[in-house]
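An overview of the molecular structure
Take a look at the letters that make up each chain.
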Amino acid sequence: MTIMNSETQTNSLTPSETKEKLVEVKNLKKYFPVKGGILKRTIGHVKAVENVTLSIYQGETLGLVGESGSGKSTLGHLILKLLDPTEGKIIFNGKDITSYSQRKIRPYRKNMQMIFQDPYSSLNPRMSVGDLIEEPLILHDRLTKKERQNRIIELLHTVGLDEETRFKYPHEFSGGQLQRIGIARALSSRPSLVIGDEPVSLLDVSVQSQVLHLMSDLQIKFNLTYLFISHDLSVVKHMCDRIAVMYLGRIAEVAPKHSLYKEPLHPYTKALIASVPGVDRKREKVKLEGNMPSPSNHPAGCPFHTRCPESHNRCTVERPELINMGNDHYVACHLYTE
Ligand SMILES: Nc1ncnc2c1ncn2[C@@H]1O[C@H](COP(=O)(O)OP(=O)(O)OP(=O)(O)O)[C@@H](O)[C@H]1O
Ligand SMILES: [Mg+2]
């Protein structure tokens, strides 16, 4: 067992260590101030991301799951540098970009894009589809008008849309088609990292699988690395190579998809998996009761101890570190330490 505190690496050669890291976050924290009183003084902090250390390997899809408010979107925004961290490091392609200014980050921006949950509100309704896709091209690439038009047509074909689509406006499309436009826009700058923040959760179930298939095809075609954020473990099951489970701003468990589903270690992961339809019915059901504590008032010890069926004394006082259980499977739980 190896404690993955910060810089610590495992001693044994595990599958992921043979791959290159595209993104590394180290001890990342994001605290949002809570203001109160007439003077609007800071009276506390929402600890949205609390000491996260995680890597995303070149070409993989890493799923990020957890309940609402666990910090998934905030972590995604920190990686894209849409938010500045309170503490910690973000390394992209071997470069520490943590303290890069907005100007210095610009050349990296084209390499990291986001697909948003709500295709309706993420696309400006007053812009034509052509203009929406052209916007990042103007920002990031030195192309002539003709070259940009050709790229727009190529991108529309790539996401399964007609080239005439470029003259239309967002209100003329269904949710699935709009999400395809969102994907075309995200891909226009030829990124290497794409963060999908619940990209299919607002779509009809029939359309969800089409968009997921498209994302998988595009990943192979363009050698993309995905961080796929979802509260739905059945969606990430098909999409992801590895899955990270987040709870109250921290990583509770991270493992290759198959070991996470077959041998979940953290009681929280067990409860999440038990709620997925169609999973192993023979396994004992772990029920998730109560709510996640407020991110502005983290409990002492293990953040999950207030709801954990296997909690014991140590869990109420000592914070468990993320430890390597072998084969790339990490868990933060006292059940697995001496
Ligand atoms: N800009 C902000 N200012 C203050 N608090 C914020 C801000 N953004 C997020 N938070 C808080 O941080 C915590 C984590 O939020 P976040 O949106 O990252 O969670 P999430 O896991 O993405 O949830 P969901 O599944 O609902 O999208 C929440 O308590 C949220 O209210
Ligand atoms: Mg979110």
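Keep in mind the model is a prediction, meaning the values are calculated, not measured.

The four strands are arranged S3-S2-S5-S6 in an open sheet whose pairing can be described as antiparallel. A strand with exactly one partner marks an edge of an open sheet, and here the two such strands are strand S3 (41–57) and strand S6 (95–96). Of the pairings in the sheet, the one linking strand S2 (residues 21–36) to strand S5 (residues 87–92) comprises five bridges and is antiparallel in character. Opposite valine 25, over in S5, you have isoleucine 90 as the bridge partner.

Quick look at the pattern of salt bridges now. Tallied over the entire structure, the rule returns 12 salt bridges. Here arginine 307 and glutamate 67 are joined by a salt bridge, their closest N and O atoms 2.9 Å apart. Of this pair, arginine 307 sits in the loop between helix H10 (267–274) and helix H11 (313–317) while glutamate 67 sits in the loop between strand S4 (61–65) and helix H1 (72–79), and the two are 240 residues apart along the sequence. Several salt bridges converge on common partners, so that one network encompasses Lys21, Glu24 and Lys26.

A separate point is the environment of valine 254. Inspection of the secondary structure assignment puts valine 254 in strand S11 (residues 250–256). Judged by relative accessible area, valine 254 falls into the buried class, the value being 3%. Apart from the residues within four sequence positions on either side, valine 254 is in contact with Leu54, Leu62, Arg242, Ile243, Ala244, Leu322, Asp328, His329 and Tyr330.

In the vicinity of ligand 1, the contacting residues are Phe32, Val46, Ala48, Glu67, Ser68, Gly69, Ser70, Gly71, Lys72, Ser73, Thr74 and Pro295. Serine 68 is positioned with one of its side-chain polar atoms (N or O) 2.5 Å from an oxygen atom of ligand 1. Measuring from an oxygen atom of ligand 1, one finds a backbone N or O atom of serine 70 at 3.2 Å. When ligand 1 is considered free in solution it has 640 Å² of accessible area, and contact with the protein chains removes 61% of it. Elements that contribute at least two residues to the shell around ligand 1 include exactly S3 and H1. Among the elements that make up the shell around ligand 1, the one with the highest residue count is H1 (three residues). Looking at the shell around ligand 1 residue by residue, the class counts come to four nonpolar, six polar and two charged.

What counts and how
Every chain begins its residue count from 1, and numbering advances along the sequence as written. A letter from A marks each chain and a number from 1 marks each ligand, given out in the order of writing. In view of the model being predicted, local features appear only for residues whose pLDDT reaches at least 70, and side-chain atom pairs are presented and counted only at 80 or more, with totals across whole chains, interfaces and linings using the full set of residues. The side-chain quantities take in all heavy atoms of the structure and omit both hydrogens and water. Only strands joined by at least two bridges in the DSSP assignment are considered to pair. Each helix is a run of H or I in the DSSP string that is no shorter than four residues. Each strand is a run of E no shorter than two, and both are numbered from the N terminus. By convention in these notes, a salt bridge is any Lys or Arg side-chain nitrogen within 4 Å of a carboxyl oxygen on Asp or Glu. A simple rule labels every residue: compare its accessible area, found with a 1.4 Å probe on the protein chains alone, to the largest value its type can have, and call it buried under 20%, exposed over 50%, or partly exposed in between. The contact definition used throughout considers only heavy atoms, calling two residues in contact when any of these lie within 4.5 Å. Being near a molecule or strand, for a residue, comes down to having at least one heavy atom within 4 Å of it. Pairing of N or O atoms within 3.5 Å defines a polar contact, subject to two protein rules: one partner must be a possible hydrogen donor and the other a possible acceptor, and residues neighboring in sequence count only if both atoms are side-chain atoms. Areas reported as accessible are Shrake-Rupley estimates using a 1.4 Å probe. Residue values count occlusion only from the protein chains shown. Gly falls in the polar group here, along with every residue not listed as nonpolar (Ala, Val, Leu, Ile, Met, Phe, Trp, Tyr, Cys, Pro) or charged (Asp, Glu, Lys, Arg).

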